[in-house]
Amino acid sequence: MVGPPPAERRSRRDLGVPSLVSVVIPVRNGVDVIDEQLSALANQDYLGPFEVIVADNGSTDSLRGHLDDHPLADRIRLRWVDASGFPGAAYARNEGVRVAAGDFIAFCDADDRVYPEWLRELTAVAAYSEAVGGAVETHSLNSRLVQSWRPMLPSETPYEIPGYLRVPPTCSFGIWRQMFDKVGGFDTSYNRGAEDADLAIRIQLAGGVLGHAPKALVAYRLRDTLRGIWSQSVMCGEGHAHLYSDYRHYGMPRDKWYVTVDLVLYVLVRNPLLPTVLTRVPTGHWLFHAGNRLGRIRGSIRHRCFYA
């Protein structure tokens, strides 16, 4: 486990060890993938007590019945909660936290797989951080082709908005319940993505330290169809325009002009309609960048800002 940066080590008090960790998993129609994640949680090397709460956001695939008699139910203190009152992962996570008994909340997703040391590493960094971002890898659950569509940062590098604040994804994230309540949980108006970044920004603006746990690793499942990567990238672009609309007055910058120009040129020159010998990039990678640009334009129009 990597220790805190010197400034954090000097300035932060010891926040202690959780008395109980509540792992919250938002899900809609995940009966075909959730068992791998539940098995991974059952194999955690974390020595403290924890419970697992599946927040069901309106599944129609018999998920509840599958979980009611799940063989791991007692071992991981598994609970199902109805989170169908409003569509979206933000609402589902809030509902999961609402019924959670833990003083520390850990979030992961139903279609991923946490590593055995995941909880141990998250809670270790939480001793000096009000919230903790973990890390992801994409090689173990995805083909090489799908990996090439969306390259991810190395585990040692925290996710952040350049020149601004850290924004770790909630597929590997932990937060003290007190801080979660203080900032009001997830904002359900972020129904087009970026609800995790919004929460992370509010934590830091409220004075909380957001630590990074590079060994709190999750095997992340990428979208494995061209339609899926396109839809996700458009949603991400819309979500980040929403973020800019909300936080431009709190110092969030736009991309530098030359970054925007470079990406636009990439989308034009690498167009998969051109011969592959010229583009030399996977179609999925191009779709991710093109979709993100389109999403930013849509989001800019919707939220009356310019973040294209």
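Conventions we followed
Residues numbered from 1 in each chain as written. Predicted model: local features only at pLDDT ≥ 70, side-chain atom pairs only at ≥ 80, totals over all residues. Heavy atoms only, no water. Axes fitted to C-alpha atoms, helices over the stretch in contact; angles between N-to-C directions. Helix = DSSP H or I, 4+ residues; strand = E, 2+ residues; numbered from the N terminus. Left-handed = near helix turned anticlockwise from the far one by under 90°. Contact = heavy atoms within 4.5 Å. Core = buried A, V, L, I, M, F, W, Y, C linked by side-chain atoms within 4.5 Å. Buried < 20%, exposed > 50% of the residue type's maximum accessible area, 1.4 Å probe, protein only. pLDDT = per-residue confidence, 0-100. Phe/Tyr/Trp six-rings, centres within 6.5 Å; stacked < 30°, edge-to-face > 60°. Lys NZ or Arg CZ within 6 Å of the ring centre and 35° of its normal.

Undergrad: Describe in detail the packing of helix 9 (residues 226-247) against helix 12 (residues 283-303), supporting the description with residues and values.
TA: Interhelical geometry of helix 9 versus helix 12 gives an angle of 35° and a closest axis separation of 6 Å. In this structure, the crossing between helix 9 and helix 12 has a hand that is right-handed.

Undergrad: Could you give an account of the environment of Val-218, naming the residues involved and the relevant values?
TA: With respect to the helices, strands and loops of the structure, Val-218 is situated in strand 8 (residues 210-219). Note: C-alpha distance between Val-218 and Val-136 (82 residues apart in sequence) is 4.7 Å. If near-sequence neighbours (up to four positions away) are discounted, Val-218 is found in contact with Asp-112, Arg-113, Val-114, Tyr-115, Trp-118, Ala-135, Val-136, Glu-137, Cys-171 and Ser-172.

Undergrad: Hey, could you go over the nonpolar core for me, with residue numbers and the actual values?
TA: Judged by nonpolar contacts, the single largest core of 47 residues is most densely connected at Val-23, Leu-38, Leu-41, Val-52 and Trp-118. Considering every element that reaches this core, the biggest residue donor is helix 2 (residues 34-42), with 5 residues. Non-local contacts of Val-52, meaning those with residues more than four positions away in its chain, are made with Val-23, Ile-25, Leu-38, Leu-41, Ile-76, Arg-77, Leu-78 and Arg-79. Counting residues in each nonpolar core, the second largest holds 22 residues, with Ala-92, Ala-131, Ile-203 and Leu-210 among its members.

Undergrad: Lay out helix 8 (residues 195-205) in plain terms, naming residues and giving numbers.
TA: In terms of residue burial, helix 8 counts as a mostly covered element, since 10 of its 11 residues are buried. Buried within helix 8 we find Glu-195, Asp-196, Ala-197, Asp-198, Leu-199, Ala-200, Ile-201, Arg-202, Ile-203 and Gln-204. Looking at the buried side of helix 8, the elements it contacts are helix 4 (89-99), strand 6 (131-137), strand 7 (173-176), helix 7 (177-183), strand 8 and helix 9. Where helix 8 terminates, the next one or two residues include Gly-207, which has phi positive at roughly 95°.

Undergrad: Tell me about the confidence of the model for the protein, and name the residues and values.
TA: A residue-level look at the protein finds 88% of positions with pLDDT of 70 or above and a mean pLDDT of 90. Below pLDDT 50 for its whole length, residues 1-11 participates in 14 contacts with residues either more than four positions away or in separate chains.

Undergrad: Could you give me a rundown of the packing of aromatic side chains, with the residues and numbers involved?
TA: Evaluated as defined, the whole model comprises 8 aromatic pairs. Relative to Phe-173, the ring of Phe-107 lies with its centre 6.4 Å away and its plane at 25°, an arrangement referred to as stacked. Here Phe-107, found in strand 4 (residues 104-107), pairs with Phe-173, found in strand 7; they are 66 residues apart in sequence, far enough to count as distant. Stacked on the ring of Phe-186, the Lys or Arg Arg-93 has its end atom at 5.4 Å from the ring centre.

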